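# Coordinate inspection notes
Below, each chain spelled out in residue letters.
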Amino acid sequence: MENVFAGYRRRHDYLICIDSDGCAMNTMEIKHRKSLAPCMVYEWDLGEYRDAIMRRWREISLYSMDRGINRFEALAKILVDVNENYKRVEDLESLLNWVRTTKELSTESLRREVERTGSPALKKALEWSELVNGSLKMISEKNKQPFEGMREALETAEQFADIVIVTAANRTEIVEEWEYYDLLKHVGLVLTQETGSKEYCIGKLLEYGYQKDHVMMVGDAPIDQRAAKTEGVFFYPIMVWKEKESWEEFRNNALKKFREGTFAGEYQAEVEKEFVQNLTR
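So, here is what we can say about the structure in this document. Given the structure is predicted, the values throughout are model-derived calculations rather than measurements. (Residues numbered from 1 in each chain as written. Predicted model: local features only at pLDDT ≥ 70, side-chain atom pairs only at ≥ 80, totals over all residues. Heavy atoms only, no water.)

### Remarks on the pairing of strand β4 (residues 215-219)
In terms of burial, β4 is largely enclosed, as five of its five residues are buried. Of the two faces of β4, both are covered, the one formed by Val215, Met217 and Gly219 as well as the one formed by Met216 and Val218. Pairing geometry for strand β1 (residues 14-18) and β4, over four bridges, is parallel. Bridge pairing in β4 links leucine 15 to valine 215. The sheet contact formed by β4 and strand β5 (residues 234-237) spans four bridges and is parallel. Paired with glycine 219 across the two strands is proline 237, which belongs to β5. (Buried < 20%, exposed > 50% of the residue type's maximum accessible area, 1.4 Å probe, protein only. Helix = DSSP H or I, 4+ residues; strand = E, 2+ residues; numbered from the N terminus. Pairing = 2+ DSSP bridges.)

Written out as C-alpha cells, the structure is:
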C-alpha cells in the first residue's frame, strides 16, 4: 500500500483535520440517495421493498447517531435489517465478520478477502462497492459543492494551522471533488478509507509533534466526535441542516478560541451538546 504520509511535514504548531462528505462538501444526501442506497437495492434484488429500504438507509446513514459511518458498516447494518424483515441474505455472517474484524474498510481490502475466501456475500458487497464507485462518477461535480462559508473558513484557518482531510470516503472521489473547486491548495494531506480509521489517521498525525490541545477534528458525524475523543483532541461539529451557520461560527469564534487556548471546557461542551441534540431530535 502506498505510504500517503511520505513527504508530509508539520508547518504549523496547530492542526485541523476536516471530514469531507456532509461536513466540508454538500455531498452526503445526493451520494446516498442517488448511489449507495439504490445500488444496494439493485445488487440484492430488493426492488419490491425499495421505498422502505431507501428510507431505512437514509435514517441510518444521514439522520441518526450512525451518520457518517463507513459504507461497508452502513451496508452491514441495512442487510441485517433486510435479513430480519424482508428477505434472507445469503452468507450474511461472512460480511458481518469482515466488517467487525478487518483493519481496513475499503474496496481493495474487501477484494483481497474475496480472493482469500470466495464468500458469496463478500463478493456481492464488492460488486456493490464497485457499482457505487462507478455511479458516483456520474453525479456532476456541480451537484457536489462545498458548503457556504467553508472556503472562507479554510482560508482563515490555514494562516496558523495545517489542514488535513480525514474521511471515511473513497480517495479518488474526494480528490476529484476538492480539485474541481480548487480547494486542495489549502490542504497538506488527504487521508481516506484506504489509509485507515479516523482514529488511526489522527494518531499518525500526532506523531509529527503536534500537542493534543493544538489539534482539532472538524466533522458532521458521531464517528468524528469519537475519533477526536479517542485521540484526546478537540472536536468541532458541522451540524446537518445548519452547515452554513456551523462554518460561520467556526470561522468567527471557534478558530479564535482554539488558537487562544479557550476552546476547552464550556465552549467545547456547548457545541457538542447542540450537535447531539441536532441528530437525536
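Let us keep going from here.
### A word on the sheet that holds strand β2 (residues 161-166)
The strands that make up a sheet are held in pairs by hydrogen bonds between backbone atoms, and each pair lies either parallel or antiparallel. Taken in spatial order, the five strands line up as β3-β2-β1-β4-β5 in an open sheet, and their pairing is parallel. Looking at which strands have only one partner, the edges of the open sheet turn out to be β3 (189-191) and β5. When strand polarity is set aside, the average angle formed by the axes of neighbouring strands in this sheet is 25°. Note that β2 and β3 share three bridges and pair parallel. Considered in β3, the bridge of valine 166 is made with leucine 191. (Axes fitted to C-alpha atoms, helices over the stretch in contact; angles between N-to-C directions.)

### Notes on the packing of helix α1 (residues 28-43) against helix α2 (residues 50-61)
With their axes 10 Å apart at the nearest point, α1 and α2 run at an angle of 135° to one another. Taken together, the axis directions place α1 and α2 in an arrangement best described as oblique. Crossing of α1 over α2 shows right-handed handedness. In this structure, α1 contributes Met28, Glu29, His32, Arg33, Leu36, Ala37, Pro38, Met40 and Val41 to the contact, and α2 contributes Arg50, Ile53, Met54, Trp57, Arg58 and Ser61. (Parallel < 35°, antiparallel > 145°, perpendicular 65-115°, else oblique. Left-handed = near helix turned anticlockwise from the far one by under 90°. Contact = heavy atoms within 4.5 Å.)

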